[in-house]
4 protein chains.
Amino acid sequence: MINKVFISVIGESHASPEIAKLAEEVGAEIGKAGAVLVCGGLKGVMENAAKGAKSAGGTTIGILPGSKREDSNPYIDYPIITGIGYARNKLVVKTGHVVIAVGGSHGTLSEIAFALGYKIPVVGLRTWQIIHHSGIVDHNINYVTTAKEAVEAAIKLAKAAGKPEEVKEYHS
Amino acid sequence: MINKVFISVIGESHASPEIAKLAEEVGAEIGKAGAVLVCGGLKGVMENAAKGAKSAGGTTIGILPGSKREDSNPYIDYPIITGIGYARNKLVVKTGHVVIAVGGSHGTLSEIAFALGYKIPVVGLRTWQIIHHSGIVDHNINYVTTAKEAVEAAIKLAKAAGKPEEVKEYHS
Amino acid sequence: MINKVFISVIGESHASPEIAKLAEEVGAEIGKAGAVLVCGGLKGVMENAAKGAKSAGGTTIGILPGSKREDSNPYIDYPIITGIGYARNKLVVKTGHVVIAVGGSHGTLSEIAFALGYKIPVVGLRTWQIIHHSGIVDHNINYVTTAKEAVEAAIKLAKAAGKPEEVKEYHS
Amino acid sequence: MINKVFISVIGESHASPEIAKLAEEVGAEIGKAGAVLVCGGLKGVMENAAKGAKSAGGTTIGILPGSKREDSNPYIDYPIITGIGYARNKLVVKTGHVVIAVGGSHGTLSEIAFALGYKIPVVGLRTWQIIHHSGIVDHNINYVTTAKEAVEAAIKLAKAAGKPEEVKEYHS
């Protein structure tokens, strides 16, 4: 049983107006649903989503790559200062029960890949499509078209997964 | 100007009753002061401090070394799942404006060392003493004897420091 | 001017016989070319490539996710013990002047994504295809069909790039 | 049975002439002994030790905190580019079967602490002394006074330890 759902929102730091709007709507839906928004703490989709969450009374965590607290966008309640660069992408993914990708550049793709590897569910909104070397499109991304659908799917997947952290890392 | 003070409490995962009591008092003072408690999220000092903070209505962040959310002690509001082992000690230190060490084993010593290296202020309660190879005792740890003094000193140091994250990491 | 070229070979830990053969050939070409092979140090493509490199008198580095030296495959000269789980994928990528992806699962995809984000050249042998949310296939992967072509392309790209590490990480 | 001994040499990046000389001698002894020198790859003790190792025909690995290969000192054969800042201190320690501390600032202290926590043997040459909060001096550092003694002790400890990586990290 999950008491509080943590949803990681990932996406590019330079978002088009359309993607920015979508990210803000995703954040607002997360806030309304009483879930906690986790993101990378910087600009673009991260800022738009955090802004949306705060506008709906939600709570936001930003896992920053750098060492400066000031890099955090103004909608982050709890900045986590990692100083490990983009190795922090793994932490953004793991801290969520589920991931929502909105648009996205190569950093976002690394996060989608980490999530799929860890068997953390991924919901996709206008994001990457990936084709395995066998020629088959990877069907592990749950594509939806609206912010509302994204958050509904995310919460459902988080609850169904229960323990998304069960995939063992090779570091015993 | 710091809006909200983040205080990292570090210490051993197997605490004596005396150290445990001290950690809980530190957490309670942090909660009363309206600061956010950051810790490693596990047992011992981390759990005692988080328990104290929650008893005083505070907010707690636990930066976990492993990949399992369930490793989090029950007093953590926001578990950060890093999966990077004790490399996360650096993150615990950096996420605070200031660090309070309560007792402590070798892991705690690594955190004190990181904090001193980053010029993040350290308050010490029955913790390590360190002697430089020049033979001089390192005076950068601010030793106090009660939980109340520790949190008062921590908040004062955090505000005086302003931007403890100014020390540049060698990763430009 | 690059004195010694470091080539990171990435790919799945459970390789089909065909992919395994290709990886071994890639390793052998790297060894013959006098370049240093960098990989994740484990089984599958990592082991096959390291085996090929050693058979050709080359040098091999394995950047292990876990804490056990024994996880290293027997063809690794220099095991780097990270204990940071798959956050080490970033290190595998950065340690090479160039990356060759052979086959690959989600971990490999995270490495391709990191490389593209850092503008480290990527050569692909039967690996992922990725389609941006704009609908455009990402043309930053240099697809080839033989091991010989892969290593020739890799060395050429490494020398042309010169300083692939110029992309700044957000951690100043 | 250890085939090849990996010795991590740690110490400050701004070394006094006396410490620098000692570090270079340590490196030379490591080279003569046929062991592999691991270090942080930068200046000061790291550079002096690597220089010593190369002068004796040894092999050197530098685990760099930053993203720039050029930060590597000129005596490093195999630079590992981590881009995770001083979180890489853990990797420097883990990659060695044993650690030799020469002089040292706060970064070195964090490495000593990590090594002690992981039960990796530590040999100390004019380095930190640490006093536990119980008031007892920590006797886990093996202090010696010459470079020759340091490397002899290190190799003996490495072989006796056998598997220093047996201490489990909390990241299953």
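Just above sits the structure.
The rules behind these values
- Residues numbered from 1 in each chain as written.
- Chains lettered and ligands numbered in written order.
- Predicted model: local features only at pLDDT ≥ 70, side-chain atom pairs only at ≥ 80, totals over all residues.
- Heavy atoms only, no water.
- Least-squares fit on C-alpha atoms with pLDDT ≥ 70 in both.
- Contact = heavy atoms within 4.5 Å.
- Pairing = 2+ DSSP bridges.
- Helix = DSSP H or I, 4+ residues; strand = E, 2+ residues; numbered from the N terminus.
- Axes fitted to C-alpha atoms, helices over the stretch in contact; angles between N-to-C directions.
- Core = buried A, V, L, I, M, F, W, Y, C linked by side-chain atoms within 4.5 Å.
- Buried < 20%, exposed > 50% of the residue type's maximum accessible area, 1.4 Å probe, protein only.

Visitor: When you look at the relation of the copies chain A and chain C in this model, what are you seeing that I'm missing?
Guide: Here the second copy of the chain follows from the first by a rotation about an axis and a shift along it. In screw terms, the move from chain A to chain C is a rotation of 180 degrees and a rise of 0.0 Å along the axis, fitting with an RMSD of 0.0 Å. Within this description, the copies of the chain are treated as partners about a two-fold rotation axis. Comparing interface residues between copies, 97% of those in chain A also lie at the interface in chain C; the contact surface is shared.

Visitor: Any chance you could explain the sheet that holds strand 3 (residues 59–64) of chain C here in plain terms?
Guide: To summarise the sheet geometry, strands pair through backbone hydrogen bonds and adopt either a parallel or an antiparallel arrangement. Residues and elements named next belong to chain C. Here 7 strands make up an open sheet; going across it, the order is 4-3-2-1-5-6-8 and the pairing parallel. What marks the edges here is a single partner per strand, and that holds for strand 4 (78–81) and strand 8 (141–144). Within the sheet, the average angular offset between the axes of one strand and its neighbour, ignoring direction, is 25 degrees. When strand 2 (residues 36–39) meets strand 3, the two strands line up parallel, connected through 4 bridges. Within strand 3, the residue paired with Leu-37 across the bridge is Thr-60. Of the strands in this sheet, strand 1 (6–11), strand 2, strand 5 (98–102) and strand 6 (122–125) are in contact with helix 1 (residues 17–32), which crosses strand 5 at around 155 degrees.

Visitor: Explanation requested: the sheet that holds strand 6 (residues 122–125) of chain D in the structure shown.
Guide: Residues and elements named next belong to chain D. Taken in spatial order, the 7 strands line up as 4-3-2-1-5-6-8 in an open sheet, and their pairing is parallel. Single-partner strands in this sheet number two, and they are strand 4 (78–81) and strand 8 (141–144). Taken over all neighbouring pairs, the strand axes of this sheet differ in orientation by 25 degrees on average, direction set aside. When strand 3 (residues 59–64) meets strand 4, the two strands line up parallel, connected through 4 bridges. Across the sheet, residue Ile-63 finds its bridge partner in strand 4, namely Ile-80. Sitting on the sheet, helix 1 (residues 17–33) is in contact with strand 1 (6–11), strand 2 (36–39), strand 5 (98–102) and strand 6, with an inclination near 155 degrees to strand 5.

Visitor: Could you clarify how one ought to interpret the nonpolar core in this entry?
Guide: One recurring pattern in soluble globular proteins is that nonpolar side chains are buried together. Among the nonpolar cores identified, the biggest contains 108 residues, and Ile-61 of chain A, Ile-61 of chain B, Ile-61 of chain C together with Ile-61 of chain D are the most heavily contacted of them. Not counting chain neighbours up to four residues away, the residues in contact with Ile-61 of chain A comprise Phe-6, Val-36, Leu-37, Val-38, Cys-39, Ile-76, Tyr-78 and Ile-80 of chain A together with Tyr-78 and Ile-80 of chain B. Counting 34 residues, the second-largest nonpolar core is a separate cluster that includes Val-26, Leu-42, Ala-49 and Ile-155 of chain C.

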